[in-house]
Amino acid sequence: MLVEILSAVVVAGGAWLASSVRVVKQYERGLIFRFGRVRSRVREPGLAVLVPFVDRLQKVNMQIVTMPVPAQDGITRDNVTVRVDAVVYFKVIDPVVAAVNVQDYRSAVGQVAQTSLRSIIGKSDLDDLLSNRERLNEGLELMIDSPALDWGIHIDRVEIKDVALPEAMKRSMSRQAEAERERRARVISADGELQASHKLAQAAATMADTPSALQLRLLETVVQVSSEKNSTLVLPFPVELLRFLDAQTPKPAPPEPVAAEEPKPEVNGHATPSPRSPGDAVLPAD
C-alpha cells in the first residue's frame, strides 16, 4: 500500500514538473500569462518554471525576419506603369508589446509594406526607381517603421528588388541610350578633329619656315606606305619640290646688249660703204 502511494506521488510529481517546466531557446523570449494577464518580467533563455494550470507560456522569436513584399503594380509620377517588388528585414525589440498590441505582427508588417510600396511608386519618377534606389529605400523604411514602433517592431532595412517595365518602354529606353551614345561619339570625334586641326596648323607653320621639313615628311610618308608590298604606290610630284630645286639651281648671266650700227655719212650723194671684214666677198665692178 505504501509503495503504491509513493508511486502515485512520484507520478504526480513528474506530471507536475513536466507541466510546469518549459525550455526557452537562445533566440526566443518567453511571456508568462497568469490568469490571462501578462507578467511584466520576460523569461530569458533557459528553463522557465510555471505554475501548473495557472500560467501559460508564449514564446516570441527575436531573430531578424526576412519578408518578401509581393510585386505591386503602380503608375509613377511621370505616368509610366511599373511593377515593383521589395523585401523587408525586421525584428522584435519588445516582445510584450508585439504579443499584446497586435494580433499578428508579421501580417501587419506585410500589409504596411505593400501599401507603403504603392505610395512610393506614385510619388517617384521612373528615373528615381531605376537609378536612385537608396533614397527610395530610406523613404520606404521610414514609412514602414513609423507604425511598426507601436507594435514593438524595428525595421532593420528595406530593399527594392526589381522594377519591371513594359516592353514598349524598354524599347524606348534602348533607343534613347543608343542615341545618347551616338551623340557622345560624335562629340568626341569632333573634339578630336578640332585638336588635330590645331596640331596640323602648328606643324604647317613650322614646315613653312623650313621647306625641307615638308620634303622629309613626304619621304617618311612614302616609306610608311611602301612598307606593305601588296599595293601600288602613285607618288605625286609636289610643286614645292620644283620650287625648291629651282631656287637651288644657279641662273645663267644675262647676255650683253649689242650696240646698234651708226649710219655712214653720204659722199657726193652716195653712201659711204662700210668697211668690210676680211671674210667678205668682193664683187667685180661693172
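So, here's what we can say about the structure. Per chain, the residues get numbers from 1 upward, laid out in the order the sequence is written. Note on the predicted model: pLDDT of at least 70 is required for a residue's local features to be given, and 80 or more for side-chain atom pairs to be given and counted; whole-chain, interface and lining totals, by contrast, use all residues. Heavy atoms throughout the structure, all of them, feed into the side-chain values; hydrogens and water do not.

Residues spaced three or four apart along an α-helix point in a common direction, a consequence of the helix completing one turn every 3.6 residues. Secondary structure follows DSSP: runs of H or I at least 4 residues long count as helices, runs of E at least 2 residues long count as strands, and numbering of each begins at the N terminus. Each residue after the first adds 1.5 Å to the expected span of a helix. The end-to-end C-alpha separation of helix H5 (residues 133-148) is 22 Å, in line with the 22 Å expected for 16 residues at 1.5 Å each. Those residues of H5 that sit buried are Leu-136, Asn-137, Leu-140, Ile-144, Asp-145 and Ala-148. Considered in projection along H5, the buried side chains sweep an arc of 160° and stay on one side of the axis. Exposed residues on H5 whose side chains face more than 90 degrees from its buried face are Glu-138 and Leu-142. The inward-facing, buried residues of H5 contact strand S7 (81-92), helix H3 (105-123), helix H4 (126-131) and strand S8 (153-164). Only protein chains enter the accessibility calculation, which uses a 1.4 Å probe; a residue is then buried when its area is under 20% of its type maximum, exposed when over 50%, and partly exposed in between. This arc is taken over the directions from the axis of the helix to the C-beta atoms. The criterion used for residue contact is that any of the two residues' heavy atoms lie within 4.5 Å.

Further remarks concern the packing of H3 against H5. Running from N to C, H3 and H5 cross one another at 140°; their axes reach a closest spacing of 9 Å. Compared by their axis directions, H3 and H5 come out oblique. Regarding H3 and H5, the two cross each other, and that crossing is right-handed. Packed against H3, whose contacting residues are Val-112, Ala-113, Ser-116, Leu-117, Ser-119 and Ile-120, the element H5 presents Leu-136, Gly-139, Leu-140, Met-143, Ile-144 and Pro-147 at the interface. Axis lines are fitted to C-alpha atoms, over the contacting stretch for helices. Their N-to-C directions set the angle, which ranges from 0 to 180 degrees. Roughly parallel means an angle under 35 degrees; roughly antiparallel means over 145; roughly perpendicular covers 65 to 115; every other angle is labelled oblique. Crossings are assigned a handedness: left-handed for a near helix turned anticlockwise from the far helix by less than a right angle, right-handed for a clockwise turn.

Take the sheet that holds strand S3 (residues 37-38) next. Strand order in the open sheet formed by 3 strands is S3-S2-S5, and the pairing between neighbours is antiparallel. Strands with a single pairing partner mark the edges of an open sheet, and in this sheet they are S3 and strand S5 (55-61). The pairing criterion is simple: DSSP has to find at least two bridges between the two strands. Here 7 bridges tie strand S2 (residues 28-34) to S5, and the two strands are oriented antiparallel to one another. Its bridge partner being in S5, Arg-34 is matched across the sheet by Asp-55.

A separate point is the pairing of strand S6 (residues 65-75). When S6 meets S7, the two strands line up antiparallel, connected through 9 bridges. Bridged to Ile-75 within S7 is Thr-81. Two successive antiparallel strands, S6 and S7, enclose a turn made up of 5 residues, where Asn-79 displays a positive phi of approximately 60°.

Moving on to the sheet that holds S6. Taken in spatial order, the 3 strands make up an open sheet running S6-S7-S8, and their pairing is antiparallel. Strand pairing shows two members of the sheet lacking a second neighbour, S6 and S8, which therefore form its edges. Averaged over neighbouring strand pairs, the angle between their axes works out to 25° when direction is ignored. Packing against the sheet, H3 makes contact with S6, S7 and S8, and its axis sits at approximately 35° to S6. Each of S7 and S8 is contacted by H5, which is oriented at about 140° to S8, the strand it contacts most.

The next point concerns the packing of helix H6 (residues 167-209) against helix H7 (residues 211-226). Orientation of H6 relative to H7, taken along the N-to-C sense of each, is 120°, at an axis distance of 4 Å. In terms of axis orientation, H6 runs oblique to H7. Listed contacts from H7 to Met-207, Ala-208 and Asp-209 of H6 are Pro-211, Ala-213, Leu-214 and Arg-217. Each residue belonging to the contact of H6 with H7 can be placed in one class, and the counts come to 5 nonpolar, no polar and 2 charged. In the scheme used here, Gly and all other residues not listed as nonpolar or charged are polar, with Ala, Val, Leu, Ile, Met, Phe, Trp, Tyr, Cys and Pro taken as nonpolar and Asp, Glu, Lys and Arg as charged.

What makes a salt bridge here is a side-chain nitrogen of Lys or Arg within 4 Å of a carboxyl oxygen of Asp or Glu, nothing more. Applying the stated criterion across every chain yields a total of 9 salt bridges. In this structure, Glu-182 engages Arg-186 in a salt bridge whose closest nitrogen and oxygen atoms are separated by 2.8 Å. Separated by 4 residues within a single helix, Glu-182 and Arg-186 lie in helix H6, roughly one turn from each other. Given a relative accessible area of 58%, Arg-186 falls into the exposed group.

Another aspect to go through is the side chain of Gln-72. Within the fold, Gln-72 resides in strand S6. In the analysis that follows, any N or O atom pair within 3.5 Å is treated as a polar contact, provided that within protein one partner can donate a hydrogen and the other can accept it, and provided that, for residues neighboring in sequence, both atoms belong to side chains. Side-chain polar atoms of Gln-72 contact the backbone oxygen of Pro-70, separated by 3.0 Å. For Gln-72, the residues in contact, after removing those within four places along its chain, are Val-82, Arg-83, Val-84, Gln-114, Leu-117, Arg-118 and Ile-121.

The backbone of Phe-35 sits at a positive phi, close to 55°, despite the residue not being glycine. Judged by its relative accessible area of 70%, Phe-35 falls in the exposed class. Residue Asn-79 is not a glycine yet carries a positive backbone phi of 60°. Here Asn-79 lies in the loop between S6 and S7.

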